[in-house]
Amino acid sequence: MECLRETQTKLPHSTLEKVCKRILPPGVYKILFGPLSEFPVVRRLTGAVFGALSGVGLYFGLMLNIAMTTVQRVIVGSVFVGLCSLGGMFSSLFRCSILLMFPSIIGSQGRTVLMVYVLHGLYQGPIANIQRNVQDVASSMGCNIDLQITHSKLMWRMLTEPYVQVVQEIVNDSDVFQKEAQDVSRQFQKIRDEVMGQYGYDSLGKESVHTANSTQEEYVVKTRARCDYVVQQGVSRCQDWFSVKWEECMNTIQAPLINHLLCVPMQFHFLCDIMRVMTSWCTEKIPVEGNFGQTFDKLNDSINRLAEHFTTDVVLEKLEQQSVFGVGILLNFSKELSREFQEKSVIAQKIAGVIKFLLSFTFITVFTSAFVYVHQYCRDIHFDNVYITTYFRQIDARRRRAGKRYLLPLKKAEQEILINPWSLSIHPSELMPVIVGFLQVASLALFVCVLLTVDGILYNIFDLIRRHTFTTYSVTSVHHIEIIIGGDSMLARLLRKTIGAFNTSSNLDVQSSNFQCLPRPHALSQSNYLGIFIPLLLMCLMCCLQVYTNRLRRVITTFYFPKREKRRILFLYNLQIQKRISFIKRQQHRLRNQKQTFIKVLSAVLAPLKRVGCRLRWCCLCDGFVRQNQAVECSSVGCTIIYCQQCWTDLDNSCYACVPHDQCGQQDSGSESDVYYGFL
């Protein structure tokens, strides 16, 4: 009758159900914890609203950092929210997975999300700041190089400008020079005709003129021939004069014989031969210098070249400079450097986009882990089935009232297996994930400290460079050339056109500094530090809260699958009953093996410590450290087994390592035919 009455009252099997029954209205309580056949429409609508709200939250978590247009966001968001609404309406597995995301975010999966946030903060903070400071210093170096190149160009221009100006003036006056050269050539043509001309003598019988070996010999021969020709012309003209006078005399005096007598003097032609005396003078005393021919040849060649080949042109040759350290010398080094950093910044933006995509991907991993937990919870009855729940205690209390074997309170050896969900202490089985989480946080914190230290050191170095590398440049140049060429001859005019172009004057005084080229390093702001250390502190907090959020996952899953939870608790309780029955045999076997092997080795190792009064004691059953005033040592002769007080009580105050095997079996020979199995 008592069992029937308990079944009719239907006591809540979980603490959550108890609390909801007390604080919620009866209608709401029936909707949440009543049979699924009741209120089907309300359940569907509630599930649809829950799925839609969850879909909106998931959409903003997943798609916020993915680049899409507004139309695409609306379409994708509508489809995604619609699918989530359908999942919330028809699938308890989906609704449970959505709720399990909250404890997962507070637990290990939340650490992953925060780790991505920390990495994003590191990339936007110290890494980007290091890149920006290095880029600023490189730009400063480029600016200084440009400044040096500008000064070098200025000095080189002042050095070469006079010569370029002279050449340019010569080029501009090329027409004038050509005209002057042609005038010189025309004026020299008279001298050339006089020296090289075939006139002033009788060429008949003067073959020696054409057979001369040089201009000097040819001119000497021509001069002699001209001298002989002048003498011969003088003799011929003298004779012609006598002939003319004879005719005039004869015409004037008409009387015969008298005219012959009176005109006889006009027949003295022999007097003209007196002029032939000059022939020897032409041969011996000709007025020709010994180097006249050589000088004439050189002058003639120069005049010909001046007239025929005088051209001016400016040819600028550009030499390609060799690269320095693999980087070519550019006209504007800073612009090229900026272009290179612009390419690197594009790569950095792509990396930032990948990090944002990973940030969205972490929400998928959170949902996946929650879904996997629910799936294993429903498939594997051993999965996460280690909690002493309210239903576990109800079963144990019912068996205690019925006088059957019960489990609570647990033995010390069983406390290492089962977990009390209301206990604030961390169970040994829960400690390893906490340690792993703290190690992850510590390694990430170490990496953060290294990056922040490097950023701080670089900032101080660059700031030191900025404060102590200010330089003032002074470029001064004075250039003055004056060349005076007098005279009005052709050569003087030509020299004034050429050499006179060097008459230039210039003064240069340039004052500059590298103030605009000094690096301006940036320090991290307070928000950067907060964006890094707050997630780290939250990760540390999540390492501690992970234990309790993992326990909360079972509570949420129990709410959606109460029948499955009841079967799991029944299986766990019956399994522990079976282990309790075989507890004595297992402990006796363990203690006997331990006595034969481990005790001898341990006593030999710790023997020196006993001599100095330092004795280390621990329970051989639970392997826990035992204080000297709480240790229970077996009183049997030759047995050195030590127990803690609780393990000694669990063994009914007897040493199972000394008690014979048959006696141990008699002490726990009670049958357990009424063990309650969940699957029977």
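Here the structure is a predicted model, which is why all the values come from computation and not from measurement.

Colleague: Would you explain the nonpolar core in this entry?
Modeller: Among the nonpolar cores identified, the biggest contains 22 residues, and C96, L100, M101 and F561 are the most heavily contacted of them. Elements supplying a minimum of two residues to this core: α6 (92-106), α7 (108-172), α14 (333-379) and α19 (526-560). Ranked by residue count, the leading element in this core is α14, at nine residues. Excluding residues that lie within four positions of it along the chain, L100 makes contacts with A370, Y373, V374, R553, I556 and T557. Counting residues in hydrophobic clusters, the runner-up holds 14 residues, among them V118, L122, V448 and C543.

Colleague: Sorry if this is basic, but what is going on with the environment of Q216 here?
Modeller: Tracing the chain through its elements places Q216 in helix α10 (residues 215-252). Owing to a relative accessible area of 17%, Q216 belongs among the buried residues under this scheme. On a C-alpha basis, the gap between Q216 and F296 in space is 8.8 Å, while along the polypeptide they are 80 residues apart.

Colleague: Teacher, can you tell me more about unusual backbone geometry here?
Modeller: Leaving glycine aside, a negative phi is the common case for residues, and trans is the common case for peptide bonds. Omega for the bond connecting L408 with P409 falls within 30 degrees of zero, at 0°, which places this linkage in the cis form. Topologically, P409 is positioned in the loop between α15 (390-401) and α16 (412-415). Despite not being glycine, D384 has its phi angle at roughly 50°, a positive value. Within the secondary structure layout, D384 lies in the loop between α14 and α15. The class of D384 is buried, set by a relative accessible area of 18%.

Colleague: Mind showing me how you'd approach the packing of aromatic side chains here?
Modeller: For the structure on display, the rule yields nine aromatic pairs. Summarising the aromatic geometry, the rings of Y59 and F60 are spaced 5.8 Å apart at their centres and angled 75° between planes, so their arrangement reads as edge-to-face. Ring centres of Y59 and F80 lie 6.5 Å apart, and the angle between their planes is 45°; on these two criteria the pair is classed as tilted. Taken together, the residues span a long stretch of sequence, with Y59 in helix α4 (residues 40-63) and F80 in helix α5 (residues 70-90) at a distance of 21 residues.

Rules used throughout
Residues numbered from 1 in each chain as written. Predicted model: local features only at pLDDT ≥ 70, side-chain atom pairs only at ≥ 80, totals over all residues. Heavy atoms only, no water. Core = buried A, V, L, I, M, F, W, Y, C linked by side-chain atoms within 4.5 Å. Buried < 20%, exposed > 50% of the residue type's maximum accessible area, 1.4 Å probe, protein only. Helix = DSSP H or I, 4+ residues; strand = E, 2+ residues; numbered from the N terminus. Contact = heavy atoms within 4.5 Å. Phe/Tyr/Trp six-rings, centres within 6.5 Å; stacked < 30°, edge-to-face > 60°.

Without other data, these values stay purely geometric and don't point to any function.
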